[in-house]
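Coordinate analysis (summary)
Spelled out from the first residue to the last, the chains are:
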Amino acid sequence: MRALLTRLLALLAWGLALLHGPAGAHEMTMAEMQLRETQRGEFIWQWTAANDRRPASQDLTPLWPAGCQAEAATLRCGAQGLSGTLAIDGVGKRYSAALVKVTWLDGSSRVYTLTGAQPTVQLYGAADDPRGMGEVTSAYTLLGVEHILGGIDHLMFVVGLLFLVGFERRLVWTITAFTAAHSLTLASSALGWLTLRPPPVEACIALSIVLVAVEALHRRDTLARRWPALVAFLFGLVHGLGFAGALKEIGLPENHLLVALLTFNIGVELGQLLTVGACWLIWRATRGLPVVQRLRTAALYGIGSIAAYWSWLRIATLLG
C-alpha cells in the first residue's frame, strides 16, 4: 500500500510539473505606462513595456480622474491638472502590477504602482504627493506577499525545511537564517551591487529543493541535519536572487526606492510566515494519525519529483 501510494504521488507530481511548467514557478508580470505633460493640463500617454508580446492595452484599461478626457494618445485634464483618482481596470489578472510614471511640465516625475489589491491611486497634480510613501508601502508589501504565495518553488523549499527540521526550536534559527540570507541578496541585487543571470539562479533554486527533499527523506546524520540553519542560509542567498528577479520585473519607484525594497521584503516574510503557520496547524491537527508518516514520505517524493523535473529543464535551458 505504501509503495502504491508513493508511486501515485510521484506520478501526480510529474503531472503537476508538466502542467505548471518550469518557467512559471514564480512568474510575475508587469505593465508600464508613461504620461508626459506637454502643456499645462495636457499629457501624452502610452503603454511602454510589458513582459510578453501581447499589448497591455488588450488587458488593461485606465480609468482617468474626473475631468480628464482621453483622445487616442492624448489626455486633457484642463486647469485642474492630473488630479483625482486614477484606476487601472484589469490589473491583478493577466498582469500582477501596473507602473504608471507621470512626468510633469517642470521635469519632476512620480511613479505609481497599482495591483489587484490596490487598483487605484490618488493623484495631486504634481510630484509632491503627500501620500506617496503610504501607497508605495501598501503596494509593495502586497506584491511581496503575492510573490511568495505564488512562488511554488520558494514555498516548496520552505516546506522541505519544515520536513527536514520539524516543529522544534531549531526551526526558528533555520527560518531566520533563510530570511537573513535572501534579504541580503535581494537588497544587493535590487540596488545593483550584485548581478547574476536568471537562468543559473532558477536552476540552483530547483536543485536546492531536490537536496532538501532528499535530506528530509533519510535519517542519516548529514550536514543538513546537523546544521540546517547553515544549509538554509546558503540556499537562501540563491533564493534572494530569485526574489530580486521578480522585483526587477515589477520595478522600483525612484523617489521611494528604499521603502519599496524594504516593504517588498516584509511582504515576502509575511507570506513565508503564513505558510509556516498553515503547515503548523495542519501538523497539530494530524500528528496523531498513523498515516501521517506515509503521507510525509509521499509528499517529499512529490516535492523532489517536481523539483527534479524543473532542474532538468532549467539546466537544459541554461546549456542551450
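Within the secondary structure, Thr103 sits in strand 7 (residues 97-103). The contacts of Thr103, once residues within four sequence positions are left out, are Leu35, Arg36, Glu37, Phe43, Ser108 and Ser109.

The antiparallel open sheet is built from three strands, whose spatial order is 3-6-9. In this open sheet, the two edge strands, each paired with only one partner strand, are strand 3 (61-63) and strand 9 (120-124). Sheet twist, expressed as the mean angle between neighbouring strand axes with direction ignored, is 25°. As paired strands, strand 3 and strand 6 (residues 83-89) are joined by three bridges and run antiparallel to one another. Looking at strand 6, one finds that Leu63 is bridged to Ala87.

Within strand 7, six of the seven residues are buried, leaving the element largely enclosed by the surrounding structure. Summarising the sheet, strand 1 (residues 30-39) and strand 7 pair through seven bridges and their orientation is parallel. Bridging across to strand 7, Ala31 finds its partner in Ala98. Where strand 7 meets strand 8 (residues 109-115), seven bridges bridge the pair, whose relative direction is antiparallel.

What follows deals with unusual backbone geometry. Phi at Ala72 takes a positive value of approximately 55°, unusual for a residue other than glycine. By the secondary structure assignment, Ala72 is in the loop between strand 4 (69-71) and strand 5 (74-76). Residue Ala72 is classed as exposed on the basis of its relative accessible area of 74%.

This next bit is on the packing of helix 4 (residues 169-190) against helix 8 (residues 257-286). Interhelical geometry of helix 4 versus helix 8 gives an angle of 155° and a closest axis separation of 11 Å. As summarised for this structure, helix 4 and helix 8 are arranged roughly antiparallel, according to the angle between their axes. Of the two elements, helix 4 crosses helix 8, and the hand of that crossing is right-handed. Along its contact with helix 4, which presents Ile175, Phe178, Thr179, His182, Ser183, Leu186, Ala187 and Ala190, the element helix 8 presents Leu261, Phe264, Asn265, Val268, Glu269, Gln272 and Val276. Across the contact of helix 4 with helix 8, the residue classes tally to nine nonpolar, five polar and one charged.

Attention now goes to the confidence of the model for the protein chain. Summary statistics for the protein chain give a mean pLDDT of 81 and a share of 86% for residues scoring 70 or more. The secondary-structure element of the protein chain with the lowest mean pLDDT is helix 1 (residues 2-20), recorded at 40, while strand 5 shows the highest, at 92. Below a pLDDT of 50 lies the segment residues 1-26, which in the model reaches 37 contacts outside its immediate sequence neighbourhood of four places, other chains included.

Looking now at the layout of surface pockets. A water-sized probe rolled over the atoms picks out the places where empty space is left. Space inside the second largest pocket adds up to approximately 620 Å³. If you trace the second largest pocket, you find 21 residues lining it, with Phe163, Phe167, Trp283, Val292 and Arg296 closest to the centre. Contributions of two or more residues to the lining of the second largest pocket are made by helix 3 (152-165), helix 8 and helix 9 (292-319). Residues belonging to the lining of the second largest pocket are distributed by class as follows: 12 nonpolar, three polar and six charged.

Basis of the calculations
- Positions within a chain are numbered from 1, following the residues in the order the chain's sequence is written.
- The predicted origin of the model limits local features to residues at a pLDDT of at least 70 and limits the giving and counting of side-chain atom pairs to 80 or more, whereas totals for whole chains, interfaces and linings rest on all residues.
- No hydrogens and no water enter the side-chain calculation; it runs on all heavy atoms of the structure.
- Secondary structure elements are defined from DSSP: runs of H or I of at least 4 residues count as helices, runs of E of at least 2 residues count as strands, and each element is numbered from the N terminus.
- What makes two residues a contact is simply this: any of their non-hydrogen atoms within 4.5 Å.
- Note on pairing: DSSP must find at least two bridges between two strands before they are called paired.
- Think of each axis as a best-fit line through the C-alpha atoms, taken over the contacting stretch in the case of a helix, with angles from 0 to 180 degrees between the N-to-C directions.
- Each residue is placed in one exposure class: buried if its accessible area under a 1.4 Å probe, protein chains only, is under 20% of its type's maximum, exposed if it is over 50%, and partly exposed if it falls in between.
- Relative orientations are named as follows: roughly parallel for angles under 35 degrees, roughly antiparallel for angles over 145 degrees, roughly perpendicular for angles from 65 to 115 degrees, and oblique for any other angle.
- Crossing handedness is read from the near helix: turned anticlockwise from the far helix by less than a right angle, it gives a left-handed crossing, and turned clockwise, a right-handed one.
- Just so you know the grouping, Ala, Val, Leu, Ile, Met, Phe, Trp, Tyr, Cys and Pro go in nonpolar, Asp, Glu, Lys and Arg go in charged, and all remaining residues, Gly too, go in polar.
- One confidence number per residue, pLDDT, is output by the predictor and ranges from 0 to 100.
- A 1.4 Å probe that fits but cannot get out identifies a cavity on a 1 Å grid over protein atoms alone, an open set with protein on both sides within 12 Å along at least five of seven lines counts as a pocket, and a residue lines either if it has an atom within 4 Å of a point.
- Grid points are joined across faces, edges and corners, and a volume is the space filled by probe spheres set on the points.

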